[in-house]
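# Observations on the model geometry
Each chain, letter by letter, is given below.
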Amino acid sequence: MFLAIGVLGGYLIRKFIAEARIASAEEAAQRLIQDAKRESEAKKREAVLEAKDEVHRLRTDFERETRERRAEIQRLERRLVQKEETLDRKVESLERREEQLVRREKETEKVHQSLAEIHAKQTAELERISNLSSDEAKQILLDQVEQEIRQETAALIKEIEAEAKEEAEKRARNIISLAIQRCAADHVAESTVSVVELPNDEMKGRIIGREGRNIRALETMTGIDLIIDDTPEAVILSGFDPVRREVARIALERLVSDGRIHPARIEEMVEKAQREVDVKIREEGERAALETGVHGIHPEVIKLLGRLAFRTSYGQNVLKHSMEVAYLAGNMASELGVDVTLAKRAGLLHDIGKASDHEVEGSHVAIGASILRKYRESNDVIAALESHHGDTEYKSVEAVLVAAADAVSAARPGARRETLEAYIKRLEKLEQIAESFEGVDKSYAIQAGREVRIMVKPDRIDDLAAVKLARDIVKRVEAELEYPGQIRVTVIRETRAVEYAK
């Protein structure tokens, strides 16, 4: 019973306490809600105030910017107005200037017209006073100008030549002298006849044979003329073809040595001599190529090269001359630092046309070029061959060296032989060319035709005209005269004043 009362009392007490706690919690909640409402209203009022402040600030900034932009626009408008006014003033100024220019142009045209009338009157007056037309006066002026230009040209030529010679002569002489010193070639002078010695004069009759059949057979088979005259114990073989003459010489020497001379034996010996000469020709060509160091030459060109061993030009053996040219050209090319192999090859083959010039029409230059083209020689070698006598322009330094070496080899003392008649004709022709120019008084060919000295009239040829005269004579000599080496042309102008003291 007490337990039940105790439990009930405890329950009631806990209930009362719980209700009291709930009531106090509700009151606290109400207070919290009211506090929250008051805080939210306060914050709301603060936010509204801040928003109003921000709106006011933005409005103030916008108004300020608007005022600034409006002021800038007004300033730009004022500048535009000023520029328009300036442009208007400039346009007005240009219009005034244009009007002034038009007036001045009209005035200038009037002045030009008046000047033209004055010029025409002056020209007519000058023509009347000088008795010359304007064309004649113009021609006189042109002649004076031309004379002045010629004098200036001659002076310039003289100056350039002096500078070029001063520098080039030293080097050229040095190169050529070195090349000649390094070249030690043998030289043989031959002619168009060969002499065969006989053991006795009775052999002449055997060579002639019965009714001349032996000598006719030998001449027919070799194409060489046999001259049997009063020369003791000798027979002369005459012929332009040196190879045939060599064949005839060998065959005749063997016939004389054998003693059996008749047409059949002559034919046999001529054939043997022909084979021997062919072998000798090939050997000579190979020897020349080997000694000069030129390789890769076509076998047919080797044979033609060997034929030059029996060919002479002005008494100079052509093969030895070709080898000498190869040496000289190679040495000069070595000194200058250009293609030595090309210079040697072109020098050795430059006269290859002389091996066939008695069989084919044309100059030895054209024949040689045709031969080298046929056997596919290089274009550089062919160009050097074509230009070694100045027939075409030089296309390389090696071509110039070949021409120079050819002139050095042919023009050195004792290299060539020419007849007295041809020598005298060449000197006379040289003097005739020099004396054909206006203002020349006398001319003298000296130093065996290697120099011509020309005396001019000092009252007609001045110093500058003397320089031009020398060049003109050189060009004329090169065009009309054939000569070995080079010819020096010296023009001498002398003025003397003579008085006598009494």
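A brief look at the structure comes next.

Analysis parameters
- Residues numbered from 1 in each chain as written.
- Predicted model: local features only at pLDDT ≥ 70, side-chain atom pairs only at ≥ 80, totals over all residues.
- Heavy atoms only, no water.
- Axes fitted to C-alpha atoms, helices over the stretch in contact; angles between N-to-C directions.
- Helix = DSSP H or I, 4+ residues; strand = E, 2+ residues; numbered from the N terminus.
- Parallel < 35°, antiparallel > 145°, perpendicular 65-115°, else oblique.
- Contact = heavy atoms within 4.5 Å.
- Nonpolar A, V, L, I, M, F, W, Y, C, P; charged D, E, K, R; others polar.
- Pairing = 2+ DSSP bridges.
- Salt bridge = Lys/Arg side-chain N within 4 Å of Asp/Glu carboxyl O.
- Buried < 20%, exposed > 50% of the residue type's maximum accessible area, 1.4 Å probe, protein only.

Attention now goes to the packing of helix α10 (residues 364–374) against helix α11 (residues 379–387). Axis angle and axis distance: for two packed helices, these are the angle between their axes and the distance between the axes, and together they describe the pair. Between α10 and α11, the least distance of the axes is 9 Å, while the angle of their chain directions is 170°. When the interaxial angle is binned, α10 and α11 end up roughly antiparallel. Contact residues: Val365, Gly368, Ala369, Leu372 and Arg373 in α10; Val381, Ile382, Leu385 and Glu386 in α11. Among the residues forming the contact of α10 with α11, the class breakdown is 6 nonpolar, 1 polar and 2 charged.

Of the pairings in the sheet, the one linking strand β6 (residues 440–446) to strand β7 (residues 451–456) comprises 6 bridges and is antiparallel in character. Following the sheet pairing, valine 440 is matched in β7 by valine 456. Sheet analysis places β7 next to strand β8 (residues 488–492), joined by 5 bridges and oriented parallel. In the sheet register, glutamate 451 faces β8, and the bridge partner there is arginine 488.

We now examine the pattern of salt bridges. Inspection of every chain in the model, using the stated rule, returns 23 salt bridges. Across the pair glutamate 480 and lysine 429 runs a salt bridge whose closest N-O atoms are separated by 3.8 Å. Of this pair, glutamate 480 sits in helix α14 (residues 463–480) while lysine 429 is found in helix α13 (residues 420–435), placing the two residues 51 residues apart along the sequence. You can call glutamate 480 partly exposed: its relative accessible area is 39%. For lysine 429, a relative accessible area of 31% translates into the label partly exposed. Within this structure, Glu54, Arg57, Asp61 and Arg64 form a network of salt bridges that share partners.

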